[in-house]
Amino acid sequence: MERVFNFNAGPATLPLAVLEEAQRELLNYKGTGMSVMEISHRSKEYEAINNEAEANMKELLGLGSNYRVLFLQGGASTQFAMVPMNFLGAGQKADYILTGSWSEKALKEAQKIGQTHVAATTQEGNYVRIPKADEIQLSEAPAYIHLTSNNTIFGTQWQSFPDFGDIPLIADMSSDILCKPFDANKFALIYAGAQKNLGPSGVTVVIIRQDMIEKASTKLPSMLRYDIHAKNNSLYNTPPSFSVYMVNLVLCWLKAQGGLAAMEKHNLEKAALIYDVIDSSNGFYKGHADKDSRSIMNITFRLLNEDLEKAFASEATKAGLIGLKGHRSVGGMRASIYNAMSREGCQALADFMKEFMRKNG
Ligand SMILES: *Cc1c(COP(=O)(O)O)cnc(C)c1O
């Protein structure tokens with residue numbers, strides 16, 4: 001059975017080696033005679049998975065004992081609400097930097113909880129770029145600053161993060177976590193739905209600094225309290241155990257590849273294969289994002305007209321390149337090339353793009 005090159009934005013492609021390992025262990029996990037899906041979340045086997053996943057995430061990000069990694073449910077979308085519920089108190093203001101639809105959604109949830117301030121937005125021009133540091137206008141003493149590190153829909157990505165001093169910095173990194181080295185110690189909280197760069201859907205990773213756990217509201221329902229999840233080692237209730245197991249396999253795979261520095265090299269080379277075709281196409285392909293804001297995870301581009309875009313998507317599918325149709329708010333095409341997308345997949349797409357241009361240009 002042939003596997004396709006899967007450019008879907010999420011759920012997304014997973015490393016073949018990880019799927020094969022899960023397959024080998026599917027029916028009998030480490031001599032238990034059971035699948036990971038069937039063992040108790042209170043068993044020593046599951047506890048080992050849970051602890052190893054936390055340790056691997058911290059190792060990859062270079063985080064020490066002042067951080068915890070939580071495995072929660074409800075997707076990044078639940079974090080949009082949990083963040084302000086836990087950290088936006090009465091009389092406080094939270095600052096949001098808007099760089100796309102997901103940051104807008106995060107802001108909308110916060111507006112239901114308390115006072116917010118838009119510190120910067122690049123909505124004008126349909127989110128083609130990341131704001132420059134000097135465009136960011138913070139409110140006076142914000143409770144936290146929220147940003148989206150990679151804009152999955154628009155194909156833009158923060159190239160580096162500004163320094164906000166002691167103000168807690170919170171980031172939605174759902175679509176680019178672990179794609180390259182960055183200073184994770186700058187962040188008070190990072191969250192990511194797993195289904196793009198970390199594993200299957202069903203689990204949301206939350207990386208939270210100890211002082212934030214101590215600051216989090218204790219007046220909320222238990223399932224919405226970071227302190228309760230941290231105190232219970234993400235086992236307050238039944239966790240999405242198979243998804244956490246898969247995330248751990250992906251983290252082990254990442255380490256074996258050489259960690260974040262190796263991933264950055266791999267991802268830069270992959271992205272260059274496709275951006276080079278766009279840039280040398282004399283306008284046949286037009287990238288959505290400004291060059292200095294381009295994402296190495298989601299590449300968004302348009303063709304000359306919608307008929308060509310339809311033909312591109314359908315011919316690509318026939319060639320085994322699937323999931324290239326862009327999000328409706330941008331139109332055109334989107335190639336999601338997360339960590340698990342191989343260089344061969346990107347080369348195949350680049351070759352297909354050149355051939356499609358030769359036939360239709
Ligand atoms: C996909 C995505 C989300 C939504 O994640 P869910 O897990 O479906 O809630 C949020 N933020 C970003 C940046 C995303 O790419």
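Conventions and cut-offs
Starting afresh in each chain, residues are numbered from 1 along the sequence in its written order. Only residues with pLDDT of at least 70 get local features here, since the model is predicted, and only at 80 or more are side-chain atom pairs given and counted; chain-wide, interface and lining totals rely on the full set of residues. Excluding hydrogens and water, the side-chain figures rest on all heavy atoms present in the structure. Stacked, tilted and edge-to-face are the three classes assigned to paired rings of Phe, Tyr and Trp, where Trp is represented by its six-membered ring and a pair needs centres within 6.5 Å; plane angles under 30 degrees give stacked, over 60 edge-to-face, the rest tilted. Numbering of helices and strands runs from the N terminus, with a helix taken as a DSSP run of H or I at least four residues long and a strand as a DSSP run of E at least two residues long. When a residue's accessible area, from a 1.4 Å probe over protein chains only, is under 20% of the maximum for its type it is buried; when over 50% it is exposed; and in between it is partly exposed. Only strands joined by at least two bridges in the DSSP assignment are considered to pair. Think of each axis as a best-fit line through the C-alpha atoms, taken over the contacting stretch in the case of a helix, with angles from 0 to 180 degrees between the N-to-C directions. Two residues form a contact once any of their heavy atoms are found within 4.5 Å.

*Asks:* Looking at this structure, I do not really get the packing of aromatic side chains. What am I missing?
*Replies:* Any two aromatic rings considered together are summarised by their centre-to-centre distance and by the angle between their planes. Counting across every chain of the model gives 19 aromatic pairs. Considering the side-chain rings of Phe161 and Phe187, the 5.1 Å spacing of their centres and the 90 degrees angle between planes classify their relative orientation as edge-to-face. Here Phe161 is found in the loop between β7 (156–157) and β8 (169–172), whereas its partner Phe187 is found in the loop between β8 and β9 (189–193), with 26 residues between them in sequence. Residue Phe161 shares its accessibility class with Phe187, and that shared class is buried. Among the aromatic residues, those joined into a ring-pair cluster are Phe284, Tyr285, Phe301, Phe312, Phe352 and Phe356.

*Asks:* Is there a simple way to think about the sheet that holds strand β5 (residues 145–148) in this case?
*Replies:* Each strand in a sheet pairs with its neighbour through backbone hydrogen bonds, running either in the same direction (parallel) or in the opposite one (antiparallel). One open sheet holds the 7 strands; their spatial order is β2-β10-β9-β8-β5-β3-β4, and the pairing between them is mixed. Either end of the sheet is taken by a strand with one partner, and the two such strands are β2 (67–72) and β4 (115–121). With direction set aside, neighbouring strand axes in the sheet form an average angle of 20 degrees. Relative to β5, strand β3 (residues 93–98) runs parallel, the two sharing 2 bridges. Across the sheet, the residue bridging to Tyr96 is His146, located in β5. Contacts between helix α2 (residues 44–61) and the sheet are confined to β2 and β10 (204–209), with β2 contributing the most and set at about 130 degrees to the helix. Across the face of the sheet, helix α4 (residues 101–113) comes into contact with β3, β4, β5, β8 and β9 while running at roughly 165 degrees to β3.

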